[in-house]
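Overview (structure and organization)
These are the residues of each chain, in order.
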Amino acid sequence: MIQEYLIANTTEDALNKKRSNTKSVFYAGGTEINRLHSTVEGRTAISLSKLGFDTISDEGSTIKIGSMVTLQQLIESPLVPSWLKDAAHFCGSFTKRNMATIGGNLALMSDHSYLAPALLASRARLLTANLTEKGVYSEDNIPIREYHAYHKQFAGTLLLAVSLSKDDRYVGTLRYAMSSQNRAAVTVGFSATKDSEQVIDHVRVFVAVHGKGVQRLEKVENSIENGELTTREDVQLAVRHDIVVVDDMTGGSDYKRYIASEGVGQLFSAFLQGGAQ
């Protein structure tokens, strides 16, 4: 339970407050911290509201999205690609979309994340800030896959922004839940490109499975790139084999395997047919 609320005046101040206060958490939109039965535990909340991370800008070859940008801002911005707007729309509550942030959604990296599968598939980069062991402030620009693979090691890291490349990559995402208000059983993200000879490369497949986290299906990616999986049916079989699932309130294991494979297969098919970026 939050017992103390601090307001950070600078990025470095936020990190110092985090280091100085045990059981503290960064406070973005607050939708998870204030949720009943939340998994986020903290005594001190450190507000990021004054740090200016709530803008979306065109950086030439990239789109820079501040970590405090809300899901509703993503939907309304003309700079944001359609696939990310689709992911933001997965949140069915208008009120929640006006509170929940892109940084908070990524920082949790939860199995019911609206945005993580799509952003991971997109090969986005993250702008981060941290303090060294000696307390020296530093910033970095890292691949989002690294943030996912070593998520626990980034516990004290502050997300500043998400950087999206303006390349010709196809990115798609789908969510499967009983309703927009229910937690998703499965959310999938798929992306790929074709080189000058129309050979498929840079494939990314991520699936958020309720109860089993956000998973990268590298075997499926490699098999597509190597030309071993060429049809929707091939991809579906591979996903069913590689995904890790569990029975829970959102659905049984067989159901989750089925919808995950159908979702990735559908996105792969859309990519082959030249789907929208």
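Going by the structure above, here's the rest.
Structural notes, computed from the coordinates. (Residues numbered from 1 in each chain as written. Predicted model: local features only at pLDDT ≥ 70, side-chain atom pairs only at ≥ 80, totals over all residues. Heavy atoms only, no water.)

1. Re the pairing of strand S5 (residues 62-66)
Among the 5 residues of S5, 4 are classified as buried, and the element is accordingly described as predominantly covered. Examined bridge by bridge, strand S4 (residues 56-58) and S5 share 3 bridges and lie antiparallel to one another. Paired with Ile-56 across the strands is Ile-65, a residue of S5. Between S4 and S5, which follow one another and run antiparallel, lie 3 residues, and Gly-60 among them has a positive phi close to 95°. (Buried < 20%, exposed > 50% of the residue type's maximum accessible area, 1.4 Å probe, protein only. Helix = DSSP H or I, 4+ residues; strand = E, 2+ residues; numbered from the N terminus. Pairing = 2+ DSSP bridges.)

2. Examining the nonpolar core
Among the nonpolar cores identified, the biggest contains 38 residues, and Ile-65, Leu-74, Leu-84, Leu-115 and Leu-119 are the most heavily contacted of them. Among the secondary structure elements, those contributing two or more residues to this core are S5, helix H2 (71-76), helix H3 (82-89), helix H5 (102-108), helix H6 (116-121), helix H7 (144-149), strand S8 (158-165) and strand S11 (200-209). Of the residues forming this core, the biggest block, 5 residues, is contributed by H6. Each residue touching Leu-119, except ones within four places of it in the same chain, is listed here: Trp-83, Leu-84, Ile-102, Leu-106, Ala-124, Ile-144, Val-162 and Leu-164. Within the second largest apolar cluster, 27 residues are counted, among which are Leu-229, Val-245, Ala-260 and Phe-268. (Core = buried A, V, L, I, M, F, W, Y, C linked by side-chain atoms within 4.5 Å. Contact = heavy atoms within 4.5 Å.)

3. Some words on the side chain of His-210
Along the polypeptide, His-210 turns up in the loop between S11 and strand S12 (213-216). Under the relative-accessibility criterion, His-210 is labelled buried at 8%. Looking at His-210, its side chain comes within polar contact range of the side chain of Asp-248, at 2.7 Å. Beyond its immediate stretch of four places on either side in the chain, His-210 contacts Asp-111, His-112, Arg-183, Ala-184, Ala-185, Val-246, Asp-248, Met-249, Thr-250 and Lys-256. (Polar contact = N/O pair within 3.5 Å; in protein donor to acceptor, adjacent residues only side chain to side chain.)

4. A closer look at the pairing of strand S9 (residues 170-176)
In terms of burial, S9 is a largely internal element, 6 of the 7 residues being buried. Two strands pair when backbone bridges link them, and S9 and strand S10 (residues 186-194) are joined in this way by 7 bridges, in the antiparallel orientation. Across the sheet, the residue bridging to Arg-175 is Thr-187, located in S10.

5. Observations concerning the sheet that holds S12
One open sheet holds the 4 strands; their spatial order is S9-S10-S11-S12, and the pairing between them is antiparallel. The open sheet terminates on both sides in strands that have one partner only, identified here as S9 and S12. Strand after strand, the sheet turns through a mean of 15° between neighbouring axes, direction not considered. Of the pairings in the sheet, the one linking S10 to S11 comprises 8 bridges and is antiparallel in character. Paired with Ser-191 across the strands is Arg-204, a residue of S11. (Axes fitted to C-alpha atoms, helices over the stretch in contact; angles between N-to-C directions.)

6. Looking at the pattern of salt bridges
This model, assessed by the stated rule, comprises 7 salt bridges. With its nearest N and O atoms 3.6 Å apart, the salt bridge here joins Arg-232 to Glu-262. Taken together, the residues Arg-232 in helix H9 (residues 232-242) and Glu-262 in helix H10 (residues 253-272) connect sequence positions 30 residues apart. When its relative accessible area of 29% is taken as the criterion, Arg-232 is described as partly exposed. We note a salt bridge from Lys-256 to Asp-248, for which the minimum N-O separation is 2.9 Å. The exposure class assigned to Lys-256 is buried, which follows from its relative accessible area of 0%. A residue is classified by how much of its surface remains accessible, and Asp-248, at 26% relative accessible area, is partly exposed. The structure contains a network of salt bridges with shared partners spanning Arg-232, Arg-240 and Glu-262. (Salt bridge = Lys/Arg side-chain N within 4 Å of Asp/Glu carboxyl O.)

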